[in-house]
Amino acid sequence: MADKTLPIIETQELTYTYPGGTKPSLKDVSMTIERGEFVILTGPSGCGKTTLCRCFNGLIPHFYTGKFDGDATVAKLKVNQSSIHELAQHVGLVFQNPENQLFALSVEKDVAFGLENLGVPRDEIRKRVDWALQITGIEELRERPPHELSGGQQQRVAIACVLAMQPDVMVLDEPTSFLDPVGAQKIFDVINQLNKDLGITIILVEHRLDLASQYANHVIVMNEGKIILDGSPREVFTSEGARLIGIGIPKATRLYQLLGENGVHLNEIPVTSQEAANLLKEALQT
Amino acid sequence: MIEVKDVHFAYPTGVKALRGVSLTIHDGDFIAIMGQNGAGKTTLVKHLNGLLKPTEGEVIVDKVKTKETSVAKLARKVGFVFQNPDHQLFCETVEEEVAFALKNFGFKEKATKKRVSWALNLLDLEGYRQTSPFMLSGGERKRVALASVLAWDPKYVILDEPTIGQDYQQKEKLRQFIIQLNAQEKTVIIVTHDVEFVAECNPRVVLMTDGKIVADGEAQKILTNEKLVAQASIVPPQITQIFLGLADLGLPTDIIDVHEAREVLITRLEATS
Amino acid sequence: MSVFEGFRFRKVSSPIHDLDPRVKFFYVCILFVIALMFNQLLPLIVLFFVPLPFVFMAGVQRQWLRSLKGAIFLATIIFATNLVSRYIYSGYVWSAIMLEESIALTFRFIVLVAAFSVFFLTTSPDHLGLALEQSHVPYEFCFAFTTAVRFVPVLAEEAQTIMDAQKARGLELERGNFLKRVRNYIPEPSTAPSSWSTPLKKSWSKPRLLPDRHCRKEYSLFCSSIR
């Protein structure tokens, strides 16, 4: 549940240029994310989504250097004044390609790695590893080498690795692109559980809005380094801005728009097929 | 024509990836090979250019058995764009990347230059000619991989999961592009689990599960068949899901396109009012 | 590439697998030194058969043979280059000694592959890392070493994938005369730095993620330094 008085992430006129870059990858980005929200961050390729994510855990500006202007605050820490180490205790980042994140000989060791480096006591490590494996549903894979697992399993291991560190915020950069729809749905279910049951703030970078938008309560759309839309999923998907830059809104929402153009107005804006079917039943039976 | 005749394939680890697959691909076909991850889709298409050879059965490309020739020779006719562009790109510049295959196939310098320019323009990459492929974004790298294959104008074009990591606009462009290729009488084979993309393209669909083909026919018929879809563990297109939820109102259930859906619903609403 | 299969550790229990990795490493080093000491064929043949009992005790015959099979191609290149250079160096005079020495040198290479293969097949990189740590080797080196070893199968897979991609773009690696194939394996000068550096480039990107996974401060500095 979102606590409106405590934004967990806030940026103000954030502008960033990669070293050697000719133009900024982020331009005057100002936005607020409340604790406990499930945010979808989307936009055309190259719009700056991944760059913005890297600002949340300090990879920018500490690892990537470059020109950093404006403010970014995460869990009350100013990003440009705190180390990656400090920030990473609040923000966990799961990348797109699981094979780039896993390198230990067994799933267990990969999940424990971050905790070992934090100096967490042995017993606590064991407890947290067990817990993370259980929540992500991969307990029976604990002794397997990660690089021998399927894409979906690897992605769950990557999530477990971050989860074990019990972050306040989890940022997932297109975590399901290599998965089929059934596998992707399972991952979204896990992420949703983390958000609804454990209160972890989720920032999900995704193109597959048809699968993910049912879980979100906040959508941010970027284009060319700027934020152009920021609001609830239904507002954003049916806005003119969304139509102009062409993000892949769910087909259910598209159908709602097309029917609207023909004078047929449904009572609410659907984002899932179930919602659309229910609304259409109401309309057809009256 | 490509013929796949009762092909069985097992990886050296013992995993049986294909268990008796038979398929005929005619010239000019547009086929989407679908199924969940692990069904054997990529394994099957890797047989079409000889990267994998069947443990049993045979694959014949334009009357040549793949077991009797090399991948490089087959490649002249069968272009393969890998799922992960990073597995395919290794040159210093985009220009070199696109020219690589042309040099291997023995194209002369002038022809190579012409084709490279053509391919770069086709995929909006002229501005990146001298850029290193590794400096480009994921979507751009995918386009470079595609350009590097189209450059030599193969008769058959295989795209392994071309929509992964692509945004909506890019998928639209890709869809238009595939239609254009097909209109130029190229045979296009895509491997994908993106049902929405297939619903918009409406190709011939070959549905696989557990190393076997379970269905082969029109997209509209296969993707709206609840039993088949459940068997192959794929998800029907959202529009189909909506109509499956309205089945008890007597509406048709074989709709995959959003515009067709609108027509059907408007007609029904006008009829009832 | 089948030669890399011969270096991939599998978790099995056997007297050799359970042996202290330092002992195994010491044995391999001794074998290495002895191999370097001899130029004649006979001692090298004897050395080749030394690991055999250990191979059978560990039950890794199939993988071990695969590594040797994979090494044959490189061995042939070594043999050819050796023979040709000796021929040229001796002023284009042919002698039986040249043949024997070239064979011996090639065999030395095979002996080394055979010895190291047994080592890697039966030693978990983690155990080796722990053993090195206990021997007071600085942590940074242990970590770098075990991480490097973990990436051997990853690099091998990358190399295989790149070869597949190149074949699919017309590079003939399967047919044609031997010299042409060897030439095709050696990339063009313009692409040479990049075609084999792609797997390395990607491996460089992996340390980037380590700071994000909370490397201890000094190790994150170490990781950055190996970029």
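Residues numbered from 1 in each chain as written. Chains lettered and ligands numbered in written order. Predicted model: local features only at pLDDT ≥ 70, side-chain atom pairs only at ≥ 80, totals over all residues.

### Overview of the overall build of chain A
Assigned secondary structure in chain A consists of 12 helices and 10 strands. A globule of 286 residues ought to have a C-alpha radius of gyration of about 19 Å, and chain A, at 20 Å, matches this closely. Principal axes of the C-alpha set define a box for chain A whose edges measure 65 × 45 × 35 Å. The buried share of chain A, taken over its 286 residues, is 52%. Contacts spanning at least 24 positions in sequence make up 64% of the contacts within chain A whose residues lie at least 6 apart. (Helix = DSSP H or I, 4+ residues; strand = E, 2+ residues; numbered from the N terminus. Rg over C-alpha atoms; globule rule 2.2 N^0.38 Å. Buried ≥ 20, exposed ≤ 12 C-beta atoms within 10 Å, placed from the backbone. Contact = placed C-beta atoms within 7 Å.)

### Here's the deal with unusual backbone geometry
Residues and elements named next belong to chain A. Cis geometry marks the peptide bond from Ile60 to Pro61, where omega comes out at 5 degrees. In this structure, Pro61 sits in helix α2 (residues 59-63). The backbone of Lys76 sits at a positive phi, close to 65 degrees, despite the residue not being glycine. When you line up the elements, Lys76 lands in the loop between β4 (67-74) and β5 (77-78).

### Describing the sheet that holds strand β1 (residues 2-10) of chain B
Residue and element names in this part refer to chain B. With respect to topology, 4 strands assemble into an open sheet ordered β2-β1-β4-β5, the strand pairing being antiparallel. Edge positions in the sheet fall to β2 (16-25) and β5 (64-65), since each of these pairs with one other strand and no more. Judged from the 7 bridges that link them, β1 and β2 form a sheet pairing that is antiparallel. Opposite Ala10, over in β2, you have Lys16 as the bridge partner. (Pairing = 2+ DSSP bridges.)

### Quick look at the interface of chain B and chain A
At the junction of the two partners, chain B supplies 33 residues and chain A supplies 35 residues. Listed by contribution, the elements that provide at least two residues to the side of chain B that touches chain A are α5 (138-150), α6 (168-183), α7 (195-201), α10 (238-245) and α11 (258-272) of chain B. Of all the elements, α11(B) adds the most residues to the side of chain B that touches chain A, at 8 residues. For the side of chain B that touches chain A, the per-class residue count stands at 14 nonpolar, 15 polar and 4 charged. (Nonpolar A, V, L, I, M, F, W, Y, C, P; charged D, E, K, R; others polar.)

### Observations regarding the packing of helix α5 (residues 61-89) of chain C against helix α6 (residues 96-122) of chain C
Relative orientation and spacing of two packed helices are given, respectively, by the angle between their axes and the distance between those axes. Residue and element names in this part refer to chain C. Closest axis-to-axis distance for the α5/α6 pair is 8 Å, and the angle between their directions is 155 degrees. It follows that α5 is roughly antiparallel to α6 by the angle criterion. Along this stretch, α5 crosses α6, giving a crossing that reads as right-handed. Here the contact of α5 with α6 is built from residues that sort into 18 nonpolar, 6 polar and 2 charged. (Axes fitted to C-alpha atoms, helices over the stretch in contact; angles between N-to-C directions. Parallel < 35°, antiparallel > 145°, perpendicular 65-115°, else oblique. Left-handed = near helix turned anticlockwise from the far one by under 90°.)

### Overview of the interface of chain B and chain C
You'll often see interface size given as the accessible area lost when the parts meet. Across the contact, 21 residues belong to chain B and 18 residues belong to chain C. Those elements that place two or more of their residues in the side of chain B that touches chain C are α2 (71-75) and α3 (94-104) of chain B. Counting residues per element, the side of chain B that touches chain C draws most heavily on α3(B), at 4 residues. Its residues placed into classes, the side of chain B that touches chain C shows 12 nonpolar, 6 polar and 3 charged.

### Points about the domain arrangement of chain B
Residue and element names in this part refer to chain B. Parsing chain B into structural domains produces domain 1 (1-77 + 154-232), domain 2 (84-153) and domain 3 (237-273). For domain 1 versus domain 2, the distance between C-alpha centres works out to 24 Å. With 8 residues of domain 1 at the interface, the matching set in domain 2 holds 8 residues. Taken together, the residues that form the side of domain 1 that touches domain 2 break down as 3 nonpolar, 3 polar and 2 charged. (Domains from an automatic or database assignment.)

### A few points about the environment of Ala219(B)
Residues and elements named next belong to chain B. The topology assignment puts Ala219 in helix α8 (residues 219-223). Here Ala219 falls in the buried class, since 22 other C-beta atoms lie within 10 Å of it. Each C-alpha atom, one on Ala219 and one on Val116, is 35 Å from the other, the two residues being 103 residues apart in sequence. Residue contacts for Ala219: discarding those within four places in its chain leaves Val198, Ala199, Asn202, Pro203, Val205 and Ile256.

### Points about the sheet that holds strand β3 (residues 38-42) of chain A
All names here are of chain A. Taking strand neighbours across the sheet as the criterion, the 6 strands line up as β6-β7-β8-β3-β9-β10 in an open arrangement whose pairing is mixed. The open sheet has two free edges, formed respectively by β6 (91-94) and β10 (226-231), since each of these has just one partner strand. Within the sheet, the average angular offset between the axes of one strand and its neighbour, ignoring direction, is 15 degrees. Of the pairings in the sheet, the one linking β3 to strand β8 (residues 201-205) comprises 4 bridges and is parallel in character. Across the sheet, the residue bridging to Phe38 is Ile202, located in β8. Of the strands in this sheet, β3, β6, β7 (169-173), β8 and β9 (218-223) touch helix α1 (residues 49-56), which is tilted by about 155 degrees from β7.

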